[in-house]
Amino acid sequence: MNFLSLGIETTCDETAASIVLDGKVILSNVISSQAELHAKYGGVFPEMACRKHIDDILPIIDEALEVAGVTLDQINLISVSKTPGLIGALLIGMNTAKALSFSHGIPFIGVNHVEAHLYSAFLANEEPIPLPALGLVVSGGHTFLCKIEDIGSYKAISSTVDDAVGEAFDKVARMLGLPYPGGPEIEKLAKIGDPFKYDFSIPRVKSDPLAFSFSGLKTQVLYAIQKVDLGAEKANIAASFQRVAVQTLIEKSLRVLKDEPYQSMVIGGGVSQNRYLREALKASLPEVSNLFFPTPNLCIDNAAMIAGLGTALYQKGSKGDSYSLVPSPTGAEKILFS
Ligand code: KG4
Ligand code: ZN
């Protein structure tokens, strides 16, 4: 086929560009993380993020082209994140994509970043993923279960009623005095802690047993912290929180799998990097022999998932987007299931 897509990702604090061949073969995947820049603020500082994206976007695209050994004129499609994210950051990626599209006569397509997190497992695995698949998104902004009927065709199952699981990891890390981003820090610290020291409970959502809730768990952690000598208990609290957060994800997934047969399960989003989550899912869902994760470099925000998904959707008959497309900071889940 020899169809080349340039992917551009600037939803939050990573500036990323990638070249993907035929929606499947990653020729380059360049990511410039701003994590260090934001660490001293304990979270992403939007204005600083935008300024850094402006500085980085063109050099990162140049690097992606150079590593892949191609020129812009060989690119068949420009794929760019259109939702969700910081509006200023999204606009930088989108306007860069439009400018390159216009000046080089290349079609462009806006891609839902959350959908791309789900697509990462399809990109990472050589073998075709059997469908329908149960999709689980575990990211910093989203936590939901859905039925993947095909790429581009999804049915909502359940979602979080409050915080996303990644957000809960970040907030608990902050309470424990750990640096941002907190997810990997909790995972590291949990390795030396006792996951059963604290008997945190899985928060229930009365109106919907499949729905997730993480803010109650965060509050349980806060109360535990207030009662103990934090220095001595940090690792035990981190490990106990991680166990219950992961157990929540597993419990809801099991409920869905009990009622409806799926050919496979696909996990995506930043938290899917977590080894404890991966091992616990494999151990708890032995009946789902087809469990698909992205490789670690595709779990984090990256542009390969954007280029890959853009190609898949474009080749399915989407004509690409017009220059009137505007990015949307919120509503990604609604858009995905509409
Ligand atoms: O998918 P992502 O980039 O976020 C959105 O698109 O919204 O994921 C970022 C989230 C952060 O909350 C981060 O703390 C979490 O993923 N994360 C982890 C791990 N690595 C990243 N959480 C738990 N364990 C990890 N190893
Ligand atoms: Zn993301």
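Residues numbered from 1 in each chain as written. Chains lettered and ligands numbered in written order. Predicted model: local features only at pLDDT ≥ 70, side-chain atom pairs only at ≥ 80, totals over all residues. Heavy atoms only, no water.

Trainee: Talk me through the packing of helix H2 (residues 46–68) against helix H3 (residues 87–104); I want residue IDs and the actual numbers.
Mentor: Viewed as axis vectors pointing N to C, H2 and H3 meet at an angle of 30°, and their least axial separation amounts to 9 Å. In this view, H2 runs roughly parallel relative to H3, as classed from their interaxial angle. For the pair H2 and H3, the crossing hand works out as right-handed. For the pair H2 and H3, contact is made by Cys50, His53, Ile54, Ile57, Leu58 and Ile61 and by Gly88, Ala89, Ile92, Thr96 and Leu100, respectively. In the contact of H2 with H3, the residues fall into 8 nonpolar, 3 polar and no charged. (Axes fitted to C-alpha atoms, helices over the stretch in contact; angles between N-to-C directions. Helix = DSSP H or I, 4+ residues; strand = E, 2+ residues; numbered from the N terminus. Parallel < 35°, antiparallel > 145°, perpendicular 65-115°, else oblique. Left-handed = near helix turned anticlockwise from the far one by under 90°. Contact = heavy atoms within 4.5 Å. Nonpolar A, V, L, I, M, F, W, Y, C, P; charged D, E, K, R; others polar.)

Trainee: Got a sec to walk through the coordination of the zinc ion (ligand 2)? Specific residues and values, please.
Mentor: Protein coordination at the zinc ion (ligand 2) comes from His113 (NE2), His117 (NE2) and Asp301 (OD), with a distance range of 2.0 to 2.1 Å. Coordination at the zinc ion (ligand 2) comes from 4 donor atoms whose angles at the metal span 93 to 145°, giving a geometry best classed as irregular. Binding-site remark: the zinc ion (ligand 2) is held by donors from one chain whose sequence spacing is H-x3-H-x183-D. Separated by 184 residues along the polypeptide, His117 in helix H4 (residues 113–124) and Asp301 in the loop between helix H10 (296–299) and helix H11 (304–315) bring together distant segments of the chain. Asp301 shares its class with His117; the two are buried. (Donors = N, O, S within 2.8 Å, 3.2 Å for Na, K, Ca; no water. Tetrahedral: all angles 85-135°; square planar, octahedral: opposite > 155°, others 65-115°. Buried < 20%, exposed > 50% of the residue type's maximum accessible area, 1.4 Å probe, protein only.)

Trainee: Describe the layout of surface pockets, naming the residues involved and giving the relevant values.
Mentor: There is about 1300 Å³ of room inside the largest pocket. Lining the largest pocket are 46 residues, and of these Cys12, Gly140, Gly141, Asp170 and Tyr180 lie nearest its centre. The set of elements that each furnish at least two residues to the lining of the largest pocket consists of H4, helix H5 (165–175) and helix H6 (182–190). Considering each element in turn, the lining of the largest pocket owes the most residues, 7 residues, to H5. Taken together, the residues of the lining of the largest pocket sort by class into 19 nonpolar, 19 polar and 8 charged. (1 Å grid on protein atoms, 1.4 Å probe; cavity = no way out; pocket = protein on both sides within 12 Å on 5 of 7 lines; lining within 4 Å. Points joined across faces, edges and corners; volume = space filled by probe spheres on them.)

Trainee: Which residues make up the nonpolar core, and what values go with them?
Mentor: Ranked by internal contacts, the top residues of the largest apolar core, which has 43 residues, are Ile186, Phe200, Phe241, Met265 and Leu281. When contributions to this core are tallied by element, the ones reaching two or more residues are strand E6 (133–138), H5, H6, helix H7 (215–227), helix H8 (230–259), strand E9 (264–268) and helix H9 (275–284). Counting residues per element, this core draws most heavily on H8, which supplies 11 residues. Formed by 32 residues, the second largest nonpolar core is a distinct cluster that contains Val20, Val111, Ala116 and Ala133. (Core = buried A, V, L, I, M, F, W, Y, C linked by side-chain atoms within 4.5 Å.)

Trainee: Could you give me a rundown of the sheet that holds strand E8 (residues 153–159), with the residues and numbers involved?
Mentor: Spatial ordering of the open sheet is given by E8-E7-E6-E9-E10, a layout of 5 strands whose pairing is mixed. Two strands lie at the open edges of the sheet, namely E8 and strand E10 (291–292), each paired on one side alone. One ladder, built from 2 bridges, connects E9 with E10; its direction is parallel. The partner of Met265 across the bridge, within E10, is Leu291. Of the strands in this sheet, E6, strand E7 (143–150), E8, E9 and E10 touch H4, which is tilted by about 125° from E9. (Pairing = 2+ DSSP bridges.)

Trainee: So what about H5? Which residues, and what values?
Mentor: Among the residues of H5, Val165, Gly166, Ala168, Phe169, Val172 and Ala173 are the ones counted as buried. Along H5, the residues classed as buried sweep out an arc of 160° about the axis, all on the same side. If you follow the buried residues of H5, they end up packed against E6, E7, H6, H7 and H8. Of the residues one or two after H5, Gly177 is the one with positive phi, at around 75°. (Arc of directions from axis to C-beta.)

Trainee: Describe the packing of aromatic side chains, and please don't skip the residues or the numbers.
Mentor: In this structure the tally under the stated criterion is 9 aromatic pairs. A ring pair is formed by Tyr41 and Phe45, whose centres lie 4.9 Å apart and whose planes are at 85°; its orientation type is edge-to-face. When the ring of Tyr119 is compared with that of Phe122, the centres are 6.1 Å apart and the planes differ by 10°; the resulting orientation is stacked. Taken together, the positions of Tyr119 and Phe122, both in helix H4 and 3 residues apart, correspond to about one turn of that helix. Residue Phe122 is classed as buried on the basis of its relative accessible area, which comes to 11%. Put simply, the rings of Phe102, Phe108 and Tyr323 touch in pairs and so form one group of aromatic residues. (Phe/Tyr/Trp six-rings, centres within 6.5 Å; stacked < 30°, edge-to-face > 60°.)

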